[in-house]
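Coordinate inspection notes
Next come the chains, spelled out residue by residue.
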Amino acid sequence: MVLSGRTEAFEPLVTPYRGPLIALASRLTRNREEALEVAQEALFRAFRSLASFDVSRSFRNWLFQIAANEARDRYRRARRERAAFEDAAGRAESATTGLSETTGSAFADPEAGQDRRELRADIMRSLAALSPREREVFVLRDIEELDIRETSRVLGCSSLSVRVHLSSARRKLREAIRRDYPHLEVGR
Amino acid sequence: MTCRKVRKLIPLAAGGDLSPRRARAVRAHLDACPACRAELEDLQTALAGFKAAARAEKVIDWSEGEWKALMARVAAGARADERAPVRAPRPMLLPRWAAASVIGAFLGLAVLGALFRGPSPRPDAAAIAGGALIAAGTGAQDTLTMTLVSPDTGLQVVWILDKNFDWKGDRQ
């Protein structure tokens, strides 16, 4: 129905994925406000692009793809802005070493911001140790439990790339848990 | 398969992400190697702990009011898109050089048309009586004749020009 232009049919279509969508956004961004914006923009984009949705695909994974793209775009923008800021600050010879580490996206610093504390369990901080691509792959494969093929499709990369980043992400997280959360190994 | 190679594959083996052939080879090695098996179990435990933490994590969400408002905005955005006037296709704009060429050609044709339009009507008597400069073409397409008539003396001066405005001579 919504594909034929019935806007009121969109809400029941996306409501089942509201939780997974915002969970994915918050895990990718590690920032409350950013996560809400990513999820919201993903819904807007999904609605506008419904005509191009391949009905043979999972609607949830399609939404995930849009959200992951949006999160990545925001991360890149933030990184460019941070680089420009640091460049300008460097020219002005101001002491911005500490400041540059606390500006920009939460990809760079999960510690900053009062709101972020609300959405993280301690162990989830370890996600900050991953590169953006590793985080995307790990969240989609190990937390959202997409298979390798679907993960590669959502991220628009090869299965080989997914495996490489997944392997690296698991290894890094293993080290982070061993270092920061040894109590989790008690039950082993 | 060596321990070194198996340990490279353990992160993928821990999540069941190896191809069946490699998984069989790794499994065969693990059955015979307690150290590698411990490494695999170690990673599987860590991953399980991580997934449990993810499930327990309090995830943000919109309130029901915010969600309804968001859906209304999505629908409003769609309606606005539908209401947006359909833009008439923009007229094709010629490049500047093409427009200049067209204008130049038109002006050139107009000038040539004026110069070589053939014999003009004979000057009427009133005009001659009042004294006038009369342009009168000859029968030839490539010459132009201009006649000046003096109202006082009746003197007539005729200029004959070719198509390049070169002086051909005069007669009185």
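Everything below is about the structure shown above.
Computed from a predicted model, the values in this text were never measured in an experiment. (Residues numbered from 1 in each chain as written. Chains lettered and ligands numbered in written order. Predicted model: local features only at pLDDT ≥ 70, side-chain atom pairs only at ≥ 80, totals over all residues. Heavy atoms only, no water.)

**Section: the overall build of chain A**
A count of helices and strands for chain A gives nine helices and zero strands. Mapped in sequence order, the helices and strands of chain A form the string α-α-α-α-α-α-α-α-α. At a minimum sequence separation of 6, the contacts of chain A that also span at least 24 residues come to 64%. Within the structure as shown, chain A displays about 9,000 Å² of accessible surface, and the carbon and sulfur contribution to it stands at 48%. (Helix = DSSP H or I, 4+ residues; strand = E, 2+ residues; numbered from the N terminus. Contact = heavy atoms within 4.5 Å. Areas by Shrake-Rupley, 256 points an atom, 1.4 Å probe, with all protein chains shown as cover.)

**Examining the interface of chain B and chain A**
In this assembly, 36 residues from chain B lie in contact with 45 residues from chain A. At the boundary of chain B with chain A, total buried surface from both sides reaches about 3,700 Å², with 63% on carbon and sulfur atoms. For the chain B face of the interface with chain A, the top three residues by lost area are F50(B), I60(B) and W62(B), together amounting to 21%. Scanning the region where chain B abuts chain A turns up seven salt bridges. A salt bridge links D17(B) to R170(A); the nearest nitrogen and oxygen atoms lie 2.7 Å apart. Between chain B and chain A we count 14 residue pairs in polar contact (both at pLDDT 80 or more) in total. Secondary structure elements with two or more residues in the side of chain B that touches chain A: α1 (3–14), α3 (34–56) and α4 (64–83) of chain B. With twelve residues, the top contributor of residues to the side of chain B that touches chain A is α4(B). (Buried area = accessible area lost by both parts, 1.4 Å probe. Salt bridge = Lys/Arg side-chain N within 4 Å of Asp/Glu carboxyl O. Polar contact = N/O pair within 3.5 Å; in protein donor to acceptor, adjacent residues only side chain to side chain.)

**Looking at the packing of helix α7 (residues 132–143) of chain A against helix α8 (residues 148–155) of chain A**
Residue and element names in this part refer to chain A. α8 packs onto α7 with a crossing angle of 135° between their chain directions and a minimal axis gap of 10 Å. As far as their axial angle goes, α8 and α7 are oblique. Two packed elements cross with a definite hand, and for α7 against α8 that hand is right-handed. In this structure, α7 uses R133, E136, V137, L140 and R141 to contact α8, whose residues at the interface are I148, T151, V154 and L155. Among the residues making up the contact of α7 with α8, the classes are represented as five nonpolar, one polar and three charged. (Axes fitted to C-alpha atoms, helices over the stretch in contact; angles between N-to-C directions. Parallel < 35°, antiparallel > 145°, perpendicular 65-115°, else oblique. Left-handed = near helix turned anticlockwise from the far one by under 90°. Nonpolar A, V, L, I, M, F, W, Y, C, P; charged D, E, K, R; others polar.)

**Notes on a nonpolar patch on the surface**
Among the surface-exposed residues, I103(B), F106(B) and L107(B) lie close enough to one another that they form a single nonpolar patch of about 340 Å² accessible area. With respect to the helices, strands and loops of the structure, I103(B) is situated in helix α5 (residues 96–115). (Patch = residues over 30% accessible without salt bridge, like charges linked within 9 Å, V, L, I, M, F, W, Y side chains within 5 Å.)

**Some remarks on the packing of aromatic side chains**
Counted by the stated rule, this structure contains seven aromatic pairs over all chains. Residues F59(A) and W62(A) carry aromatic rings whose centres are separated by 5.6 Å and whose planes lie at 40° to one another, so their mutual orientation is tilted. In this pair, F59(A) and W62(A) are both assigned in helix α4 (residues 59–91), three residues apart and thus about one turn of the helix distant. When sorted by exposure, F59(A) lands in the same class as W62(A), which is buried. For the pair F138(A) and F50(B), a centre-to-centre distance of 5.2 Å together with 85° between the ring planes defines the contact as edge-to-face. Remark: F50(B) occurs in helix α3 and F138(A) occurs in helix α7; the pair is interchain, linking two chains. Exposure class is identical for F138(A) and F50(B). Each is buried. Taken together, Y17(A), F53(A), F59(A) and W62(A) form an aromatic cluster joined through their ring pairs. (Phe/Tyr/Trp six-rings, centres within 6.5 Å; stacked < 30°, edge-to-face > 60°. Buried < 20%, exposed > 50% of the residue type's maximum accessible area, 1.4 Å probe, protein only.)

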